[in-house]
Each structure stands twice: as C-alpha cells, then as structure tokens.
Amino acid sequence: MYIKNKKLIIAIDGPAGSGKSTIAEKLSELLHIFHLNSGALYRIIGLYLNQQGISPKDLEKVETALQEIDIEIKDNKYFLNGKDVTEEIKTLEAGKLASAFSQNPSIRKKVNEIIKDVSKSIDIVVDGRDIGTVVLPNSDLKIFLTATLEERARRRWKELKVKGENVSYQEILNEIYERDNADSKRSIAPLKPAKDALIIDTTNKSIQEVVEEILSILRRKEINGNKSF
Ligand code: DC
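Residues numbered from 1 in each chain as written. Predicted model: local features only at pLDDT ≥ 70, side-chain atom pairs only at ≥ 80, totals over all residues. Heavy atoms only, no water.

Undergrad: Describe the site of the ligand, listing the residues and the values that go with them.
TA: Around the ligand sit 16 residues in total, of which R43, D130, R179, D183 and R186 are the nearest. Separating an oxygen atom of the ligand from a side-chain N or O atom of R129 is a distance of 2.9 Å. D130 is positioned with one of its side-chain polar atoms (N or O) 2.8 Å from a nitrogen atom of the ligand. For the ligand, whose unbound accessible area comes to 450 Å², protein coverage reaches 98%. When residues of the shell around the ligand are traced back to their parent elements, those giving at least two are α2 (38-51), α4 (92-101) and α8 (169-185). Top contributing element to the shell around the ligand by residue count: α2, with four residues. (Near = heavy atom within 4 Å. Polar contact = N/O pair within 3.5 Å; in protein donor to acceptor, adjacent residues only side chain to side chain. Areas by Shrake-Rupley, 256 points an atom, 1.4 Å probe, with all protein chains shown as cover. Helix = DSSP H or I, 4+ residues; strand = E, 2+ residues; numbered from the N terminus.)

Next up, the structure:
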C-alpha cells in the first residue's frame, strides 16, 4: 500500500551483543538513511541521572531531571547537553545503568517520543529492544536478531578489550545473562520479537552475511511502491 509522505522505517531489535547496532549502522550507510540507536539514548539518560545521584526508582526526581536533558545526534555522534558522549556511553557500566534506568516509565516515554519524532520526518533504521513491538509497530520491516549467549558475550568482550576495558569474559557473560533476564522479564515493553518480525540467528554469520540477508528481504518486499533497495 502506498502512503504519501510515509517514511521508510526499519526496526532491528534483539538482545545485547546480537549485532543490532553494527548491522543497523551498516544498513544505514548502504541505504543512505539515518541510524538511531535507541540503546544509546537509554545509556545517555542513565549516565546523566546516575551522575546526579538519582535512582531509577525515584519517580519524581527522574521526572524533574529529565527536563534538564538535551540529546542531539550528529554524524553518528551522541551529545548530552552539548557534550560528545559517544565513547563514554559504550562502557559496560553504561550498559548496566541503561538497563536499570530503562525500567522507569518516564524515561521510556521520553526515549519513545524522540524516536517517534525523528521517524516522522526522515527514512530511518532504529535498533533496540521494543522498536517493532511498542515504539514503531508500523515499521516497514522488522528484524529480530539473536545469537547464543556465549557468542554475544564473546563479541562484547572483544569490543570492550579493544576499548581498553579490563574485564574478563566470565564477567561479561554474567552481565549479559543478567541483562537478558532484566530486559525480557520487565513489565513494560519487554524484549521480545514482534509477531511479524523476521528472526535471524547471527551466531555463525558474518556482519556482511546478515546485512546481505536483510537487503535481499528488502529487495523482495515492496515498501511504499519502492523496490530500489
Ligand atoms: O542495546 P544496548 O545494549 O545499548 O541497550 C542498553 C540497555 O537499554 C538495555 O539493556 C535495555 C535498554 N533498552 C531498552 O530498554 N529498550 C530499547 N529499545 C533499547 C535499549
């Protein structure tokens, strides 16, 4: 069905280390569309509120402090109140904070508003946990990436080692296991595939293979009358 002015939306959901952000980034480059990493938004907010000494459970303080947060995204860089925090939010600690703070409904509301707002005006690939299920259920394509816990931990461990974080594989494995549990068992917007999502197991696949698979799905799918992917 053709809807005038409807923008292209690709949702890529999945657990930590499934390859969402990397794959979304590659797709956005190849399709020349915007990439929004929703996990980065939770990480920025978690980092800021934690720096202010605010707990995710303190609903009133969170609500007030959220008004002080201005997030900007430029050339794949994330800015918190004017400061580039792109690297700072990639740490293990920032991931833990994001998972804890993402349970707070006001924070989810704020992140969802940002995503919905951006998706109205530009073609976009968004990665996260609940994009296809809750935030943008009208996405043109929904992909849910998975991989074994061990493989996801290996990927994260390598990434963090390259960045100079001194963490053991076992520590990452435990952290991802706990984050999977927290993200999929929470009452609001738990991590799960949308009914109409295509599930891709990336365990034994290269980034290029997964990107190719998604591109070929896009080519087969007629989206808004556009077959030129
Ligand atoms: O994708 P990530 O590791 O950067 O996400 C960090 C945390 O943010 C994740 O553990 C849960 C939360 N998150 C979420 O609740 N919903 C999203 N759409 C994206 C992330």
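Undergrad: So, α2: which residues are in play, and what are the values?
TA: Taking 1.5 Å as the rise per residue, α2 with 14 residues should run 20 Å; its terminal C-alpha atoms sit 20 Å apart, in good agreement. With 11 of its 14 residues buried, α2 lies for the most part within the structure. When we look at burial in α2, the residues that qualify are S38, A40, L41, Y42, R43, I44, I45, G46, L47, Y48 and L49. For α2, the N-terminal capping position is held by N37, with its side-chain oxygen 3.0 Å away from the main-chain nitrogen of G39. Where α2 ends, the next residue or the one after it, G53, has phi of about 75 degrees, a positive value. (Expected span 1.5 Å × (residues − 1). Buried < 20%, exposed > 50% of the residue type's maximum accessible area, 1.4 Å probe, protein only.)

Undergrad: Would you mind going over the packing of aromatic side chains in detail, with residue names and values included?
TA: On inspection of all chains with the given rule, the structure shows one aromatic pair. With 6.2 Å between their ring centres and 75 degrees between their planes, W157 and Y169 make a pair best called edge-to-face. A residue pair is termed long-range when its members are at least 10 positions apart, and W157 in helix α7 (residues 149-162) and Y169 in helix α8 qualify at 12 residues. According to the relative accessible area criterion, W157 is partly exposed, its value standing at 26%. Assessed through its relative accessible area of 25%, Y169 is described here as partly exposed. Its guanidinium or amino end placed over the ring of F79, K74 lies 5.4 Å from that ring's centre, counting from NZ or CZ. (Phe/Tyr/Trp six-rings, centres within 6.5 Å; stacked < 30°, edge-to-face > 60°. Lys NZ or Arg CZ within 6 Å of the ring centre and 35° of its normal.)

Undergrad: Explain the packing of α2 against helix α5 (residues 105-121) residue by residue, including any values.
TA: One can describe the packing of α2 onto α5 by two numbers: an axis separation of 10 Å at closest approach and a directional angle of 140 degrees. On the basis of their axis angle, the class for α2 and α5 is oblique. The element α2 and its partner α5 pack so that their crossing is right-handed. Residues S38, L41, Y42, I45 and L49 of α2 form the contact with α5, whose participating residues are I107, R108, K110, V111, N112, I114 and I115. (Axes fitted to C-alpha atoms, helices over the stretch in contact; angles between N-to-C directions. Parallel < 35°, antiparallel > 145°, perpendicular 65-115°, else oblique. Left-handed = near helix turned anticlockwise from the far one by under 90°. Contact = heavy atoms within 4.5 Å.)

Undergrad: Outline the pattern of salt bridges, supporting the account with residue identities and numerical values.
TA: Using the criterion set out here, one finds 14 salt bridges in the structure. With its nearest N and O atoms 3.3 Å apart, the salt bridge here joins D183 to R129. One end of the pair, D183, is in helix α8; the other, R129, is in the loop between β6 (124-128) and α6 (131-135), and 54 residues separate them in sequence. You can call R129 buried: its relative accessible area is 14%. For E213, the salt bridge goes to K205, with nearest N and O atoms at 3.2 Å. Relative accessible area serves as the criterion here: at 32%, K205 is assigned to the partly exposed category. Salt bridges sharing common partners tie together R129, D183 and R186. (Salt bridge = Lys/Arg side-chain N within 4 Å of Asp/Glu carboxyl O.)

Undergrad: An account of the sheet that holds strand β3 (residues 71-74) is requested, with residue identities and associated values reported.
TA: The strand order β3-β4-β5 describes an open sheet built from three strands, whose pairing is antiparallel. Edge positions in the open sheet fall to β3 and β5 (83-84), since each of these has one partner strand only. Relative to strand β4 (residues 77-80), β3 is paired through four bridges, and the arrangement is antiparallel. Within β4, the residue paired with E72 across the bridge is F79. (Pairing = 2+ DSSP bridges.)

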